Structure formats: C-alpha cells, structure tokens
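# Observations on the model geometry
Each chain is listed here by its residues.
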Amino acid sequence: MDKSKRPFLKSKRSFRRRLPPIQSGDRIDYRNMSLISRFISEQGKILSRRVNRLTLKQQRLITIAIKQARILSSLPFLNNEKQFERTESITRTTGLRTRNK
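Residues numbered from 1 in each chain as written. Predicted model: local features only at pLDDT ≥ 70, side-chain atom pairs only at ≥ 80, totals over all residues. Heavy atoms only, no water.

The next subject is the confidence of the model for the protein. In this model, the protein carries an average pLDDT of 78, and 65% of its residues clear a pLDDT of 70 or more. Within the protein, the lowest mean pLDDT, 55, falls on helix α4 (residues 81-96), and the highest, 93, falls on helix α3 (residues 56-71). (pLDDT = per-residue confidence, 0-100. Helix = DSSP H or I, 4+ residues; strand = E, 2+ residues; numbered from the N terminus.)

The following block contains the structure:
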C-alpha cells in the first residue's frame, strides 16, 4: 500500500496521563477540608466535573461534602472578602461626612 493511499492514522505521540485528582485512599468527607478546598473556586463556587476531572459518583460525593461543610460553617457560602472590604471602606468614608445646615 502506497503512503499516499493510506487511511488516516493517529500519530503515535506519547502523552502524559494526568493523575486522578482523588486517590483511592482519600476519603470524601465534609471534615477533609484539604480535599474539599481543591474543588472550590476562588469565589466559593463548586467547580464542574470537566474542570475537576472527576467521575460522576465522585462529583456527587464532593458536592454533598461541600454543602454539609457550608451548613456546619466550616466553609463560607460565598467568598466575597474583597467585596466586603470595599463596602466597609465606603461606609467609613460616608460616616465621616457632616451635614451643613
């Protein structure tokens, strides 16, 4: 078979297989904060399965663990520290103004 008439073949490039984000020994639990915090965005949102590279079962367990941790006040519902600092500075400046009558 001539090279020009070969069907399309996948190139045999080596690729680096990514390690799974959750090891077999890791326990998905609301108390395991080091594990849970890897699956939350900077704003405090739960990251999607595509981003996390988790299986459906693992994603469900992570979601339940995050929600339990939020209810028990281990995790904040929203991580809006920057917004809080901004509103705090605004209230300080408006509180200093005096009204002239």
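Moving on, we get to α3. Between the first and last C-alpha of α3 there are 23 Å, a value that for 16 residues agrees with the 22 Å anticipated at 1.5 Å per step. Along α3, the residues classified as buried are Q59, I62, T63, A65, I66, A69 and R70. Taken around the axis of α3, the buried residues stretch over an arc of 165°, which confines them to a single face. Exposed and oriented more than 90 degrees from the buried face of α3 are K57, R60 and I71. Buried-residue contacts for α3 involve α1 (33-36) and α2 (49-52). The positive-phi residue at the C-terminal boundary of α3 is S73, with phi of around 65°. (Expected span 1.5 Å × (residues − 1). Buried < 20%, exposed > 50% of the residue type's maximum accessible area, 1.4 Å probe, protein only. Arc of directions from axis to C-beta. Contact = heavy atoms within 4.5 Å.)

Turning next to the nonpolar core. Counting residues in hydrophobic clusters, the biggest one holds 11 residues: I22, L35, I36, F39, I40, L54, I62, A65, I66, A69 and L75. Among the elements of the structure, α1 and α3 are those that each provide at least two residues to this core. It is α3 that provides the largest number of residues to this core, a total of four residues. In contact with I22, not counting residues within four places along its chain, are I28, L35, F39, L54, Q58 and I62. (Core = buried A, V, L, I, M, F, W, Y, C linked by side-chain atoms within 4.5 Å.)

For side chains of opposite charge, pairing can occur when their charged atoms come near one another. According to the stated counting rule, one finds two salt bridges in the structure shown. Between R38 and D26 there is a salt bridge; the shortest N-O distance is 4.0 Å. One end of the pair, R38, is in the loop between α1 and α2; the other, D26, is in the segment before α1, and 12 residues separate them in sequence. With a relative accessible area of 47%, R38 lands in the partly exposed category. With a shortest N-O distance of 2.8 Å, R31 and D29 are connected by a salt bridge. Accessibility expressed as a relative area gives 16% for D29, which makes it buried. (Salt bridge = Lys/Arg side-chain N within 4 Å of Asp/Glu carboxyl O.)

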